[in-house]
Amino acid sequence: MEKKKPIVATTSLAGCFGCHMSILDIDERILSLIDLVEFNKSPINDIKKFTEYCDIGIIEGSCCNSENVYTLKEFRKNCRVLISLGECSIMGGIPSMRNGIPIRECFEEAYMHGPSVKGHNPEMVLPNDPELPMILDRVYPCHEIVKIDYYLPGCPPRADLIYDALAALISGNELKLPYEVVKYD
Amino acid sequence: MTNNVIKFLIDGKEYLAKNGTFIIDVARESGIFIPTLCNIPGIKPRGSCRMCTVSVNGRYMSACTTPISEGMDVRTNTPDLIDLRKAILEIMFVEGNHICPVCEKSGNCDLQALGYRYQILVSRFPHQYPKRTIDALNPHLIKDHNRCILCKRCIRTIKDEQGRGFFAFHKRGHKIEISIDHSMNELLTEEVAQRAVDICPTGALLKKESGYQTPISNRKYERTPIGSDIEHAHQ
């Protein structure tokens, strides 16, 4: 019987999808990656829900609302290994620039007084529907919510770093980190 | 007798230097890289960042403030020291708001470059996300308190002809910050601003209207780790 391929799931929490772009930036190596792994829940194949237990979960972005926390916990439950991919996931990144600013001030800027909304919200309504995820008091790096096993920094992480890390994880070889691939921007 | 040449050990190898020379200076001249952030060659050391911590006869000392003495046994790269340095760096990263993707200094930043050299992937300490301000009152200079590591480099070096500093400590305790003395704004010319930006190891001091001068991939620490100039000069 053919050996079962490792299953990979990915998600983007409070991120910009730049890290997912960087996953695609491995260019033609994506063909060999498809040979090596199978994708489950991921925005790349648009599978919305976990259909089986996965080997590797890749998390882009930090946790800024209740839905992010829910998704992250789902990933922890359904993946053997979790990887924090990119600066947001590792240290909050650009979303965390709101940390230290009161939520009301953020909302007022975003929905009432900001240059792109000024005059378009005459009733000064703030989004407050129970359907909407609750915003958190601050942005949390993923490892402050659940246990994270590996970290790949970068904004976005270099495609070579992502490919080499996945290849090392799948083959069981040690990951080599050349100087050029570990960057914070 | 301060000019006597004495013998001592760095990482088990024997070196000769003038009595009273600081460990960091001997190491630099001998091609041994000891990481620093607050030290500036030629300026009186302050030992404020502790990045240059080395083991001297088994005790941890800052290499920038400790003069060599006869028979001293200096270790610069034991696994414990490397871990200690990483811990210090990680503390610096969590203590401020060092968001490299939005920083103009990224790629030319000493703090970031040390992170690269020691391949810090994540900090072991929780992020503090302190609420800090940005002071952009000066016509030439921006002081971003989010990125300041309080190394005092600017306080110690950027002075006017009469020796008056352009920068000073402000507030106390954990709220302490290094501020621009705005009463000196008229004397703070573009040239002084440039010197201040160059001396700052992070992106805490930035010159107005001149960001992102170097294209990505040509930046200072893009391809070679910080300290390789010191190490390669002696190969």
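This text follows the structure it describes.
Computed from a predicted model, the values in this text were never measured in an experiment.

Reading the values: rules and limits
Residues numbered from 1 in each chain as written. Chains lettered and ligands numbered in written order. Predicted model: local features only at pLDDT ≥ 70, side-chain atom pairs only at ≥ 80, totals over all residues. Core = buried A, V, L, I, M, F, W, Y, C linked by C-beta atoms within 7 Å. Buried ≥ 20, exposed ≤ 12 C-beta atoms within 10 Å, placed from the backbone. Helix = DSSP H or I, 4+ residues; strand = E, 2+ residues; numbered from the N terminus. Domains from an automatic or database assignment. Contact = placed C-beta atoms within 7 Å. Arc of directions from axis to C-beta. Pairing = 2+ DSSP bridges. Axes fitted to C-alpha atoms, helices over the stretch in contact; angles between N-to-C directions.

## Here's the deal with the nonpolar core
Of all hydrophobic cores here, the largest spans 91 residues; its most connected members are I59 of chain A together with I23 of chain B. Looking at this core, the element that brings in the most residues is helix α6 (residues 159-171) of chain A, giving five residues. Shared between two domains, this core takes at least three residues from each, and those domains are domain 1 (5-77) and domain 2 (85-207) of chain B. Look past the residues within four positions of I23 of chain B in its chain and what remains in contact with it is V54, A63, T66, I68 and V74 of chain B.

## Let's talk about helix α5 (residues 190-199) of chain B
Residues and elements named next belong to chain B. Among the residues making up α5, those that are buried are A193, A196 and V197. All buried residues of α5 fall inside an arc of 100° around its axis, so they share one side. Contacts from the buried residues of α5 go to β7 (141-144), α4 (153-157) and β10 (205-207).

## Focus on the sheet that holds β10 of chain B
Residues and elements named next belong to chain B. Judged by pairing direction, the sheet is antiparallel, and its three strands sit side by side in the order β6-β7-β10 without closing on themselves. Where the open sheet ends on each side, the last strands, each with one partner, are β6 (134-135) and β10. Contacts between α5 and the sheet are confined to β7 and β10, with β10 contributing the most and set at about 135° to the helix.

## Points about the environment of V146 of chain A
All names here are of chain A. Relative to the helices and strands, V146 is located in the loop between β6 (135-140) and β7 (150-152). Judged by local crowding, V146 falls into the partly exposed class, with 17 C-beta atoms found within 10 Å. Considering only alpha carbons, one finds V146 and F75, 71 residues apart in sequence, at a separation of 9.5 Å. Not counting chain neighbours up to four residues away, the residues in contact with V146 comprise L72, K73 and R76.

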